[in-house]
Amino acid sequence: MIALGVILLVIGFVLGIHFLWTIGVILFVIGLALWLLGAVGHAVGGRRHYW
């Protein structure tokens with residue numbers, strides 16, 4: 001999810017499509033939150049870790 005967010009951020013920024021840029025930011029932030037929750041040991045989506 002983090003990688004998809006970064007890809008959408010770059011595409012949206014380069015092409016000037018603000019909709020893609022906004023979705024990229026949202027996916028990036030959600031991906032970081034899930035990664036941090038998994039890293040500290042909380043179960044995310046029924047899993048003990050999240051890649």
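Here we summarise the structure given alongside this text. Because the structure is predicted, anything quoted here is derived from the model rather than measured.

### Comments concerning the overall build of the chain
When helices and strands are tallied, the chain shows 2 helices and 0 strands. At a minimum sequence separation of 6, the contacts of the chain that also span at least 24 residues come to 24%.

### Examining a nonpolar patch on the surface
There is a patch of nonpolar side chains on the surface, built from Val6, Ile7, Val10, Ile11, Phe13, Val14, Leu15, Ile17, Phe19 and Trp21 and spanning about 1000 Å² of accessible area. Of all elements in the fold, only helix H1 (2-15) and helix H2 (18-39) reach the threshold of two or more residues within the nonpolar patch. When residues of the nonpolar patch are assigned to their parent elements, the largest contribution, 7 residues, is made by H1. In this structure Leu15 comes out as exposed when scored by relative accessible area, which is 57%.

### Quick notes on the packing of H1 against H2
Closest axis-to-axis distance for the H1/H2 pair is 7 Å, and the angle between their directions is 160 degrees. Relative to H2, the element H1 lies roughly antiparallel. The two elements H1 and H2 meet at a crossing, and its hand is left-handed. On H2, the residues that touch Ile2, Leu4, Gly5, Val6, Leu8, Leu9, Ile11, Gly12 and Phe13 of H1 are Leu20, Trp21, Ile23, Gly24, Val25, Leu27, Phe28, Gly31, Leu32 and Trp35.

Definitions and limits used
Residues numbered from 1 in each chain as written. Predicted model: local features only at pLDDT ≥ 70, side-chain atom pairs only at ≥ 80, totals over all residues. Heavy atoms only, no water. Helix = DSSP H or I, 4+ residues; strand = E, 2+ residues; numbered from the N terminus. Contact = heavy atoms within 4.5 Å. Patch = residues over 30% accessible without salt bridge, like charges linked within 9 Å, V, L, I, M, F, W, Y side chains within 5 Å. Areas by Shrake-Rupley, 256 points an atom, 1.4 Å probe, with all protein chains shown as cover. Salt bridge = Lys/Arg side-chain N within 4 Å of Asp/Glu carboxyl O. Buried < 20%, exposed > 50% of the residue type's maximum accessible area, 1.4 Å probe, protein only. Axes fitted to C-alpha atoms, helices over the stretch in contact; angles between N-to-C directions. Parallel < 35°, antiparallel > 145°, perpendicular 65-115°, else oblique. Left-handed = near helix turned anticlockwise from the far one by under 90°.

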